[in-house]
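Now for the letters of each chain:
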Amino acid sequence: MAKVCVIGAGIVGLSTAVNIQETVPSANVTIIAESFSPNLTSDVAAGFWEPHLLSDTDVDLQRKWSNETFEHLKRLLTTSEAAECGVTMVSGYQLFADGDLKHETPFWAETVFNFRRVTPLDKAYLPPHNDGYFFTTLLAHPALYLPWLIKRFVGNGGVVVQRRIQSLLDLSGKYDVVVNCTGLGAAAIVNDNTLQPVSGQVLKVVAPWIKHFILINTESELVYIIPSSADTVTLGGTYGTGNWDKTPSKDISKRILENCCKGVPSLKHAKVVGEFVGFRPVRPTVRLEREVLTTPKGHLQVAST
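Computed from a predicted structure; not experimentally measured.

Cut-offs used in this document
- Residues numbered from 1 in each chain as written.
- Predicted model: local features only at pLDDT ≥ 70, side-chain atom pairs only at ≥ 80, totals over all residues.
- Heavy atoms only, no water.
- Buried < 20%, exposed > 50% of the residue type's maximum accessible area, 1.4 Å probe, protein only.
- Helix = DSSP H or I, 4+ residues; strand = E, 2+ residues; numbered from the N terminus.
- Pairing = 2+ DSSP bridges.
- Right-handed = clockwise from strand over helix to strand, strands pointing away.
- Contact = heavy atoms within 4.5 Å.
- Axes fitted to C-alpha atoms, helices over the stretch in contact; angles between N-to-C directions.
- Parallel < 35°, antiparallel > 145°, perpendicular 65-115°, else oblique.
- Left-handed = near helix turned anticlockwise from the far one by under 90°.
- Core = buried A, V, L, I, M, F, W, Y, C linked by side-chain atoms within 4.5 Å.

Points about the pairing of strand E1 (residues 3–7)
Most of E1 is tucked away, with 4 of its 5 residues classed as buried. In this sheet, strand E2 (residues 28–33) lies alongside E1 in parallel orientation, the contact comprising 5 bridges. Bridge pairing links Val4 to Val29 in E2. Since E1 and E2 lie parallel, the crossover through helix H1 (residues 11–23) that links them has a hand, and here it is right-handed. Both E1 and strand E7 (residues 177–180) contribute to a ladder of 4 bridges, which runs parallel. What sits directly across from Cys5, in E7, is Val178.

Thoughts on the environment of Arg152
For Arg152, the position within the fold is in helix H6 (residues 142–155). We classify Arg152 as partly exposed; its relative accessible area is 25%. Along the chain, Arg152 and Val18 lie 134 residues apart, while their C-alpha atoms are 7.3 Å from each other. Discounting residues that sit within four places of it in the chain, Arg152 has contacts with Val18, Gln21 and Glu22.

Points about the packing of H1 against H6
For the pair H1 and H6, the least separation of the axes is 10 Å and the interaxial angle reads 30 degrees. In terms of orientation, H1 and H6 fall into the roughly parallel class. Regarding H1 and H6, the two cross each other, and that crossing is left-handed. The residues of H6 that touch H1, namely those facing Ile11, Leu14, Ser15, Ala17, Val18, Gln21 and Glu22, are Tyr145, Leu146, Leu149, Ile150, Arg152 and Phe153.

Digging into the nonpolar core
Counting 42 residues, the largest nonpolar core has Val6, Val29, Ile31, Phe48, Tyr145 and Ile226 as the members making the most contacts within it. Among residues more than four places away in sequence, those in contact with Val6 are Gly13, Thr16, Ala17, Ile20, Val29, Thr30, Ile31, Ile32, Val179 and Cys181. Tyr93, Ala207, Ile214 and Ile225 belong to the second largest nonpolar core, which has 21 residues in total.

This is the structure we're talking about:
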(Lines give C-alpha, C1' and ligand atoms only; values in the text may rest on other atoms or scores of the structure.)
Protein backbone atom coordinates (compact mmCIF):
# COMPACT_ATOMS: atom_id res chain seq x y z
CA MET A 1 0.00 0.00 0.00
CA ALA A 2 1.52 3.31 -1.11
CA LYS A 3 1.98 5.97 1.56
CA VAL A 4 1.20 9.43 0.20
CA CYS A 5 1.61 12.75 2.00
CA VAL A 6 -0.01 15.96 0.77
CA ILE A 7 1.50 19.10 2.29
CA GLY A 8 -0.95 21.99 2.55
CA ALA A 9 -4.65 22.16 3.40
CA GLY A 10 -5.87 24.94 1.13
CA ILE A 11 -8.19 24.37 -1.80
CA VAL A 12 -5.39 22.81 -3.88
CA GLY A 13 -4.11 20.55 -1.11
CA LEU A 14 -7.52 19.26 -0.03
CA SER A 15 -8.72 18.74 -3.61
CA THR A 16 -5.51 16.89 -4.46
CA ALA A 17 -5.74 14.64 -1.41
CA VAL A 18 -9.36 13.66 -2.11
CA ASN A 19 -8.61 13.09 -5.78
CA ILE A 20 -5.72 10.75 -4.91
CA GLN A 21 -7.99 8.77 -2.60
CA GLU A 22 -10.61 8.36 -5.31
CA THR A 23 -8.11 7.65 -8.11
CA VAL A 24 -5.95 5.21 -6.09
CA PRO A 25 -8.27 3.72 -3.43
CA SER A 26 -5.49 1.52 -2.06
CA ALA A 27 -3.28 4.51 -1.16
CA ASN A 28 -2.83 5.57 2.46
CA VAL A 29 -3.10 9.37 2.29
CA THR A 30 -2.09 11.90 4.96
CA ILE A 31 -2.48 15.68 4.89
CA ILE A 32 0.12 17.67 6.85
CA ALA A 33 -0.36 21.42 7.20
CA GLU A 34 0.60 24.21 9.57
CA SER A 35 -2.84 25.84 9.26
CA PHE A 36 -6.33 24.73 8.34
CA SER A 37 -9.61 26.44 7.48
CA PRO A 38 -10.73 29.05 8.48
CA ASN A 39 -7.20 30.46 8.70
CA LEU A 40 -6.11 30.13 5.09
CA THR A 41 -5.83 32.25 1.96
CA SER A 42 -8.49 29.96 0.45
CA ASP A 43 -10.94 31.19 3.12
CA VAL A 44 -10.54 34.79 1.96
CA ALA A 45 -11.34 33.99 -1.67
CA ALA A 46 -14.83 34.50 -3.09
CA GLY A 47 -14.73 31.02 -4.69
CA PHE A 48 -15.77 32.47 -8.04
CA TRP A 49 -14.98 30.55 -11.24
CA GLU A 50 -13.39 32.84 -13.82
CA PRO A 51 -9.96 31.85 -15.14
CA HIS A 52 -7.23 34.30 -16.07
CA LEU A 53 -4.51 33.39 -18.56
CA LEU A 54 -0.84 33.31 -17.52
CA SER A 55 1.40 34.23 -20.43
CA ASP A 56 4.20 31.79 -19.50
CA THR A 57 1.95 28.72 -19.23
CA ASP A 58 0.63 26.82 -22.25
CA VAL A 59 -2.78 28.28 -23.11
CA ASP A 60 -4.26 24.93 -24.10
CA LEU A 61 -3.31 23.47 -20.73
CA GLN A 62 -4.91 26.40 -18.94
CA ARG A 63 -8.11 25.90 -20.92
CA LYS A 64 -8.07 22.19 -20.09
CA TRP A 65 -7.58 22.78 -16.35
CA SER A 66 -10.19 25.52 -16.24
CA ASN A 67 -12.80 23.44 -18.06
CA GLU A 68 -12.13 20.40 -15.85
CA THR A 69 -12.69 22.53 -12.75
CA PHE A 70 -15.94 23.92 -14.15
CA GLU A 71 -17.17 20.43 -15.04
CA HIS A 72 -16.30 19.20 -11.54
CA LEU A 73 -18.28 22.01 -9.92
CA LYS A 74 -21.15 21.45 -12.35
CA ARG A 75 -21.34 17.80 -11.33
CA LEU A 76 -21.43 18.77 -7.66
CA LEU A 77 -24.19 21.28 -8.38
CA THR A 78 -26.45 18.47 -9.59
CA THR A 79 -25.95 16.24 -6.52
CA SER A 80 -27.71 16.14 -3.16
CA GLU A 81 -24.49 17.49 -1.58
CA ALA A 82 -24.59 20.86 -3.36
CA ALA A 83 -25.98 22.69 -0.31
CA GLU A 84 -23.44 21.17 2.09
CA CYS A 85 -20.43 21.81 -0.14
CA GLY A 86 -21.58 25.33 -1.04
CA VAL A 87 -21.61 25.05 -4.83
CA THR A 88 -24.13 27.28 -6.53
CA MET A 89 -24.84 29.23 -9.72
CA VAL A 90 -24.38 32.97 -9.81
CA SER A 91 -25.09 35.38 -12.66
CA GLY A 92 -23.86 38.87 -13.31
CA TYR A 93 -21.80 41.30 -15.32
CA GLN A 94 -18.14 41.77 -16.19
CA LEU A 95 -17.76 45.45 -17.15
CA PHE A 96 -14.90 47.45 -18.58
CA ALA A 97 -14.39 51.11 -17.79
CA ASP A 98 -10.79 51.25 -18.96
CA GLY A 99 -11.10 53.29 -22.14
CA ASP A 100 -11.08 50.40 -24.65
CA LEU A 101 -14.32 50.38 -26.61
CA LYS A 102 -14.23 46.66 -27.41
CA HIS A 103 -12.72 43.71 -25.56
CA GLU A 104 -12.05 40.26 -26.96
CA THR A 105 -14.48 37.50 -26.12
CA PRO A 106 -12.84 35.49 -23.30
CA PHE A 107 -11.64 31.94 -24.05
CA TRP A 108 -14.08 30.55 -21.47
CA ALA A 109 -17.20 32.11 -23.05
CA GLU A 110 -18.45 28.73 -24.32
CA THR A 111 -17.84 27.05 -20.95
CA VAL A 112 -20.08 29.23 -18.79
CA PHE A 113 -23.85 29.53 -19.13
CA ASN A 114 -25.78 32.32 -20.86
CA PHE A 115 -22.78 34.31 -22.11
CA ARG A 116 -23.73 37.44 -24.06
CA ARG A 117 -22.52 40.97 -24.64
CA VAL A 118 -24.12 43.84 -22.74
CA THR A 119 -26.97 45.59 -24.51
CA PRO A 120 -28.26 49.19 -24.47
CA LEU A 121 -30.97 47.97 -22.10
CA ASP A 122 -28.29 46.70 -19.68
CA LYS A 123 -26.40 49.97 -19.85
CA ALA A 124 -29.46 51.87 -18.68
CA TYR A 125 -29.11 50.55 -15.13
CA LEU A 126 -25.48 49.39 -14.86
CA PRO A 127 -22.49 51.43 -13.64
CA PRO A 128 -20.75 53.50 -16.36
CA HIS A 129 -18.74 51.31 -18.75
CA ASN A 130 -17.62 51.12 -22.36
CA ASP A 131 -17.91 47.37 -22.88
CA GLY A 132 -18.87 44.21 -21.01
CA TYR A 133 -20.72 40.93 -20.93
CA PHE A 134 -23.23 38.98 -18.90
CA PHE A 135 -22.79 35.33 -17.93
CA THR A 136 -23.70 32.68 -15.38
CA THR A 137 -20.85 30.87 -13.65
CA LEU A 138 -20.33 28.59 -10.66
CA LEU A 139 -19.21 29.49 -7.18
CA ALA A 140 -17.93 27.31 -4.34
CA HIS A 141 -18.29 29.08 -0.99
CA PRO A 142 -14.95 28.47 0.81
CA ALA A 143 -16.61 28.52 4.26
CA LEU A 144 -18.59 25.44 3.18
CA TYR A 145 -16.44 23.85 0.51
CA LEU A 146 -13.22 23.50 2.54
CA PRO A 147 -14.88 21.81 5.57
CA TRP A 148 -16.79 19.55 3.16
CA LEU A 149 -13.52 18.45 1.55
CA ILE A 150 -11.96 17.71 4.95
CA LYS A 151 -15.03 15.71 5.96
CA ARG A 152 -14.88 13.77 2.71
CA PHE A 153 -11.14 13.15 3.10
CA VAL A 154 -11.43 11.85 6.65
CA GLY A 155 -14.50 9.81 5.71
CA ASN A 156 -12.39 8.08 3.06
CA GLY A 157 -9.88 7.06 5.73
CA GLY A 158 -7.48 9.98 5.39
CA VAL A 159 -5.26 11.19 8.24
CA VAL A 160 -4.88 14.87 9.14
CA VAL A 161 -1.79 16.19 10.97
CA GLN A 162 -1.24 19.81 12.02
CA ARG A 163 2.48 20.44 11.81
CA ARG A 164 4.92 22.74 10.07
CA ILE A 165 7.21 21.11 7.52
CA GLN A 166 10.63 22.75 7.25
CA SER A 167 11.99 20.54 4.49
CA LEU A 168 10.86 17.68 2.26
CA LEU A 169 13.67 15.67 3.85
CA ASP A 170 11.57 15.65 7.05
CA LEU A 171 9.27 13.18 5.27
CA SER A 172 11.91 10.89 3.82
CA GLY A 173 11.52 7.28 4.91
CA LYS A 174 7.95 7.89 6.09
CA TYR A 175 6.16 8.27 2.75
CA ASP A 176 6.59 6.94 -0.78
CA VAL A 177 5.16 10.02 -2.47
CA VAL A 178 4.91 13.65 -1.33
CA VAL A 179 2.70 16.21 -3.08
CA ASN A 180 3.71 19.78 -2.33
CA CYS A 181 0.61 22.02 -2.26
CA THR A 182 1.97 24.66 0.12
CA GLY A 183 1.40 27.71 -2.07
CA LEU A 184 3.69 30.46 -0.80
CA GLY A 185 5.20 27.98 1.65
CA ALA A 186 7.06 26.42 -1.27
CA ALA A 187 9.37 29.44 -1.30
CA ALA A 188 10.99 28.13 1.89
CA ILE A 189 10.39 24.39 1.60
CA VAL A 190 11.85 23.93 -1.90
CA ASN A 191 13.69 27.26 -2.29
CA ASP A 192 11.37 28.51 -5.04
CA ASN A 193 12.56 32.11 -5.36
CA THR A 194 10.16 32.85 -8.21
CA LEU A 195 7.16 32.82 -5.86
CA GLN A 196 5.84 36.20 -4.79
CA PRO A 197 2.95 37.12 -2.49
CA VAL A 198 0.22 39.19 -4.10
CA SER A 199 -2.05 40.43 -1.35
CA GLY A 200 -5.77 40.73 -1.79
CA GLN A 201 -7.92 42.62 0.71
CA VAL A 202 -11.67 42.08 0.80
CA LEU A 203 -14.66 43.12 2.85
CA LYS A 204 -17.57 40.89 3.83
CA VAL A 205 -20.82 42.83 4.14
CA VAL A 206 -24.41 41.92 4.90
CA ALA A 207 -26.39 42.73 1.75
CA PRO A 208 -29.04 40.07 1.10
CA TRP A 209 -30.59 42.18 -1.67
CA ILE A 210 -27.49 41.68 -3.87
CA LYS A 211 -28.18 38.62 -6.03
CA HIS A 212 -25.92 39.25 -9.04
CA PHE A 213 -22.16 39.79 -9.23
CA ILE A 214 -20.64 42.88 -10.80
CA LEU A 215 -16.97 43.01 -11.81
CA ILE A 216 -15.69 46.38 -12.99
CA ASN A 217 -12.29 46.65 -14.67
CA THR A 218 -10.96 50.20 -14.54
CA GLU A 219 -7.65 51.53 -15.84
CA SER A 220 -6.06 51.11 -12.42
CA GLU A 221 -7.87 48.31 -10.56
CA LEU A 222 -10.55 45.66 -10.46
CA VAL A 223 -13.69 46.35 -8.44
CA TYR A 224 -15.80 43.33 -7.61
CA ILE A 225 -19.08 42.65 -5.85
CA ILE A 226 -19.78 38.93 -5.46
CA PRO A 227 -22.62 37.33 -3.45
CA SER A 228 -20.93 34.80 -1.18
CA SER A 229 -23.77 33.31 0.88
CA ALA A 230 -27.46 33.79 1.58
CA ASP A 231 -26.91 37.26 3.03
CA THR A 232 -23.23 38.21 2.71
CA VAL A 233 -21.37 39.74 -0.20
CA THR A 234 -17.63 39.88 -0.89
CA LEU A 235 -16.27 43.30 -1.91
CA GLY A 236 -12.85 43.85 -3.42
CA GLY A 237 -10.29 44.07 -4.60
CA THR A 238 -6.59 44.78 -4.41
CA TYR A 239 -3.44 43.42 -6.03
CA GLY A 240 -0.46 44.32 -3.85
CA THR A 241 2.84 42.72 -4.87
CA GLY A 242 5.60 41.89 -2.40
CA ASN A 243 3.51 42.74 0.67
CA TRP A 244 3.60 40.21 3.54
CA ASP A 245 1.42 42.23 5.96
CA LYS A 246 -1.80 40.38 6.82
CA THR A 247 -3.26 43.33 8.73
CA PRO A 248 -6.24 44.85 6.87
CA SER A 249 -5.67 48.49 5.97
CA LYS A 250 -8.46 50.85 7.02
CA ASP A 251 -7.60 53.14 4.10
CA ILE A 252 -7.85 50.26 1.62
CA SER A 253 -11.14 49.09 3.15
CA LYS A 254 -12.51 52.61 2.78
CA ARG A 255 -11.40 52.74 -0.86
CA ILE A 256 -12.93 49.32 -1.62
CA LEU A 257 -16.25 50.32 -0.10
CA GLU A 258 -16.28 53.68 -1.91
CA ASN A 259 -15.49 52.03 -5.26
CA CYS A 260 -18.19 49.39 -4.79
CA CYS A 261 -20.74 52.00 -3.74
CA LYS A 262 -20.07 53.90 -6.97
CA GLY A 263 -21.11 50.80 -8.84
CA VAL A 264 -23.97 49.76 -6.54
CA PRO A 265 -25.07 52.74 -4.37
CA SER A 266 -27.28 50.58 -2.11
CA LEU A 267 -24.12 49.05 -0.62
CA LYS A 268 -23.78 52.27 1.35
CA HIS A 269 -26.28 50.75 3.80
CA ALA A 270 -24.54 47.36 4.03
CA LYS A 271 -23.07 46.38 7.39
CA VAL A 272 -19.37 45.42 7.26
CA VAL A 273 -18.90 42.15 9.17
CA GLY A 274 -15.34 41.32 8.21
CA GLU A 275 -12.09 42.64 6.72
CA PHE A 276 -9.57 40.11 5.46
CA VAL A 277 -6.22 39.92 3.69
CA GLY A 278 -5.04 36.85 1.81
CA PHE A 279 -1.86 36.16 -0.16
CA ARG A 280 -2.13 34.81 -3.68
CA PRO A 281 0.92 32.66 -4.53
CA VAL A 282 2.09 34.08 -7.86
CA ARG A 283 4.95 32.88 -10.07
CA PRO A 284 5.75 33.39 -13.79
CA THR A 285 4.32 29.98 -14.72
CA VAL A 286 2.14 27.30 -13.15
CA ARG A 287 4.30 24.77 -11.35
CA LEU A 288 3.36 21.17 -12.07
CA GLU A 289 6.52 19.11 -11.72
CA ARG A 290 7.71 15.69 -10.65
CA GLU A 291 11.11 14.72 -9.29
CA VAL A 292 12.78 11.98 -7.29
CA LEU A 293 14.87 13.00 -4.27
CA THR A 294 17.68 10.72 -3.16
CA THR A 295 18.06 10.86 0.62
CA PRO A 296 19.97 8.84 3.23
CA LYS A 297 16.69 7.05 3.93
CA GLY A 298 15.99 6.16 0.30
CA HIS A 299 14.18 7.65 -2.71
CA LEU A 300 11.27 10.05 -2.28
CA GLN A 301 8.97 10.88 -5.18
CA VAL A 302 7.86 14.50 -5.09
CA ALA A 303 5.12 16.23 -7.10
CA SER A 304 4.84 20.02 -6.86
CA THR A 305 1.73 22.02 -7.71
